[in-house]
Amino acid sequence: MTTQPLHGPPASRRRLGRTLVLALALTTAAAMTIGTPASAAAPRPAGPDLGPNVTVFDPSMPVADIQAALDATHAAQVDNEMGTQRYAYLFKPGTYGTTEHPLQIKVGYYTEIAGLGASPTDVVINGKIEVYNRCLEGGGTSNCLALVNFWRTLSNLSLNINAAGQDGCRSSANFWAVSQAVSMRRLNISGGTLSLMDYCTAGPQYASGGFIADSKLPSIVNGSQQQWLTRNSEIGGWSNGVWNQVFSGVVGAPDESGFPAPPYTTLATTPLSREKPYLFLDAKGKYNVRVPEAKKNTSGITWGAGLTPGRTIPLSDFYVAKPTDSVQTINLALALGKNLLLTPGVYDIARSIEVWRPNTVVLGIGHATLTAVNGSTPLSVAGVPGVIVAGVTIDAGTKESKVLLRVGNKLGLNLSDPRNPVTLSDVYFRVGGPHIGKTDTALEVNSDNVLIDHTWVWRGDHGVEGFTDTQRWNTNTGRQGLVVNGDHVTATGLFVEHFQRYNTTWNGNGGTTILYQNELPYDPPTQADWMNGSVEGFAGYKVGSKVKTHNLYGAGVYVFNQNNPSIHTENGFEVPQTPGVKLHHIMTVNLSAGTIDHVVNGVGDPADTTRIGGPVYINDYPAP
């Protein structure tokens, strides 16, 4: 594929030819979107138009007003698991809250809280930023857990923990009780303990996260978190592990030598990393996006000695999209050289948003969501250097899509660059849940040199559709979660769950995964529905038979065949038996229904109902 300025894929060229007459109007509209007056007589807006679901706070605003706005959104979102509302709350540089009047924020579904400083130290919140358990029975008094606390974001600020006014238990820590599709990035937290478990409610208090990156944190209580990845950070301490706690490039990380007691996996450096792009205000009050550069073999935070290394793009170089914008309009903006900022909301996508220019940034805020319409592939990324997609959720629609996000084409020209990888950061996928969803594959990576930095690829095990498990198996169809065909693909924080065949298939050489979490599907009606030819079931993580080199660190495959507890899966992991394919600290876990007969390639004891919640561990495969 050529990378010349006015040439893209053939379909893009045809559309460009049909729509170039709209360019002037589009350019004018985009300029107005970022705050340029329509005429000299018009008043200049105070900032960019980021849509009705983005609120920008200023430190001059009364704390009580900020608190009231955030409390109202939390009240609306705390139980809105499958809703369509999306929100981003952005804080201009300055200090919010005082010792006597702290700002205490609770974060609900589809809510992003972020600072607008160039450094996390530019925005200081004196107070708390928290997520508590949801108590799902007894009128909100029992069955309290964080297992469904998904889809929220916290980033780019300093938090001085202040629990003034809270009771004894609530005042003991800043609670962040979350599960998948929740990220903490670029944080500077001090003044107390950070707890990843909410231990102040009735039980069982389970949690299933999670992800931290580029943060400087105090002592951390892991508590009930089943698995967690902390990457390129500094921590004051870590309390414990449940099944699979992974640290990569973390200053202060615990030692892994006692594995599996405790179940720590620790890499001194991260082999490949790039931090997520972020909005910030410069010294003149102008909005920009900082795009961190890719790094190899690093540890610690990127902002300790100044501005995170990378490049700055003014927001005027972005097309600021709203959910009402057409794909045609968005693609024309991309063809004319714009980057793309997706403001909060749900976008119906009937044909692909096509990203084919090198170094294009697609940044979603407030959990912007692309929903496939008429079997579309909502997002298609060419195999060119430096494209970044961040902060975007992609939903399958009611008509089956072949794929929801494709990176590179199987037969296309590969122009990737190992120094400047295509990067997916906080990109999430859903098949079912808020509505019926169907896809063959969620994420397909055909290009070489791709970095996946935190994703949850989820075929819903529950939702608002009202299905029985058997109805869900036959209606919300998703065969494959992630398929990697490219070489030198790295995943840091890979969560893939409930797909009907292989959840993850890795066919490329030179791949690396650091923390993998998988639950096999809950809903196969019979063993016959869960057969891979003559083999019982599909492994949760498969490395292709032709692969010569692959590294996997800290990985778990869990089974909960609630629809038919008699179902067996032969192996949690399936890999070629070759010296270059190495699995370090892997496990299978039974969650009370079904059986995984072996951990990997016929090795390892069964994860069955005689050891519910007790992992079957293998330190290294093949054994040294």
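Residues numbered from 1 in each chain as written. Predicted model: local features only at pLDDT ≥ 70, side-chain atom pairs only at ≥ 80, totals over all residues. Heavy atoms only, no water.

Quick notes on the sheet that holds strand S41 (residues 541-543)
Alright, step 1. As summarised here, the arrangement of the nine strands in space is S27-S29-S31-S33-S35-S37-S41-S43-S45, forming an open sheet in which the pairing is parallel. Strand pairing shows two members of the sheet lacking a second neighbour, strand S27 (353-355) and strand S45 (595-600), which therefore form its edges. Neighbouring strand axes in the sheet, compared pairwise and without regard to direction, differ in orientation by 25 degrees on average. (Pairing = 2+ DSSP bridges. Helix = DSSP H or I, 4+ residues; strand = E, 2+ residues; numbered from the N terminus. Axes fitted to C-alpha atoms, helices over the stretch in contact; angles between N-to-C directions.)

Here we look at the side chain of Thr 230
Alright, step 1. In this fold, Thr 230 is placed in strand S15 (residues 227-231).
Alright, step 2. Among residues more than four places away in sequence, those in contact with Thr 230 are Ile 212, Ile 235, Trp 238, Val 246, Phe 247, Ser 248 and Val 250. (Contact = heavy atoms within 4.5 Å.)

Re the state of the cysteines
Here, the word disulfide means a covalent bond between the sulfur atoms of two cysteines.
Alright, step 1. Considering all chains together, one arrives at two disulfides under this definition.
Alright, step 2. Note on cysteine connectivity: Cys 135 is disulfide-linked to Cys 144, with sulfurs 2.0 Å apart. In this structure the cystine formed by Cys 135 and Cys 144 twists about its S-S bond by roughly 110 degrees; its chirality is therefore right-handed.
Alright, step 3. Note on cysteine connectivity: Cys 169 is disulfide-linked to Cys 200, with sulfurs 2.0 Å apart. In this structure, the disulfide formed by Cys 169 and Cys 200 twists by about -90 degrees around the S-S bond and is classed as left-handed. With Cys 169 in the loop between strand S9 (152-161) and strand S10 (174-175) and Cys 200 in the loop between strand S12 (194-195) and strand S13 (211-213), this pair connects stretches of sequence that are 31 residues apart. (Disulfide = S-S within 2.5 Å.)

Let's talk about the side chain of Lys 322
Alright, step 1. In this structure, Lys 322 sits in the loop between strand S24 (318-321) and helix H4 (327-335).
Alright, step 2. Since its relative accessible area comes to 15%, Lys 322 is described here as buried.
Alright, step 3. At 3.2 Å, the side chain of Lys 322 and the backbone oxygen of Asp 49 are in polar contact. (Buried < 20%, exposed > 50% of the residue type's maximum accessible area, 1.4 Å probe, protein only. Polar contact = N/O pair within 3.5 Å; in protein donor to acceptor, adjacent residues only side chain to side chain.)

A closer look at unusual backbone geometry
Alright, step 1. Gly 203 connects to Pro 204 through a cis peptide bond whose omega is 10 degrees.
Alright, step 2. In this structure, Pro 204 sits in the loop between S12 and S13.
Alright, step 3. In this structure, the amide linkage connecting Gly 209 to the following residue, Gly 210, adopts the cis form with an omega of -5 degrees.
Alright, step 4. Within the secondary structure layout, Gly 210 lies in the loop between S12 and S13.
Alright, step 5. Here the phi dihedral of His 498 falls at roughly 75 degrees; this positive angle occurs in a residue that is not glycine.
Alright, step 6. Here His 498 shows up in the loop between strand S36 (489-497) and strand S37 (504-506).
Alright, step 7. Residue class for His 498 comes out buried when judged on its relative accessible area of 1%.
Alright, step 8. Notably, Ser 592 is not glycine yet its phi reads approximately 110 degrees, a positive angle.
Alright, step 9. Secondary-structure assignment places Ser 592 in strand S44 (residues 581-593).
Alright, step 10. Given the relative accessible area of 36%, Ser 592 is considered partly exposed.

With respect to the sheet that holds strand S23 (residues 310-314)
Alright, step 1. Strand order in the open sheet formed by three strands is S20-S21-S23, with antiparallel pairing between adjacent strands. Where the open sheet ends on each side, the last strands, each with one partner, are strand S20 (278-281) and S23. Strand-to-strand twist across the sheet, computed as the mean angle between neighbouring axes with direction ignored, equals 35 degrees.
Alright, step 2. Where S20 and strand S21 (residues 287-292) come together, four bridges link them in antiparallel fashion. Bridge pairing links Phe 280 to Asn 288 in S21.

Regarding H4
Each turn of an α-helix holds 3.6 residues, which means side chains three or four residues apart point in the same direction.
Alright, step 1. For H4, the buried fraction is high: seven of the nine residues fall into the buried class.
Alright, step 2. Buried within H4 we find Val 327, Ile 330, Asn 331, Leu 332, Ala 333, Leu 334 and Ala 335.
Alright, step 3. Immediately downstream of H4, the backbone of Gly 337 shows phi near 100 degrees, a positive value.

Digging into the pattern of salt bridges
It is possible for side chains of opposite charge to pair when their charged atoms get near one another.
Alright, step 1. Per the counting criterion, the structure on display carries 21 salt bridges.
Alright, step 2. Among the salt bridges present, the one from Arg 406 reaches Glu 444, with a minimum N-O distance of 3.3 Å. Taken as a pair, Arg 406 in strand S31 (residues 401-407) and Glu 444 in strand S33 (residues 439-445) lie far apart in primary sequence, 38 residues in all. Taken individually, Arg 406 and Glu 444 each receive the classification buried, so the pair is uniform in this respect.
Alright, step 3. A single network of salt bridges, built from pairs that share partners, joins Arg 185, Arg 231, Glu 275, Lys 276, Asp 426 and Asp 453. (Salt bridge = Lys/Arg side-chain N within 4 Å of Asp/Glu carboxyl O.)

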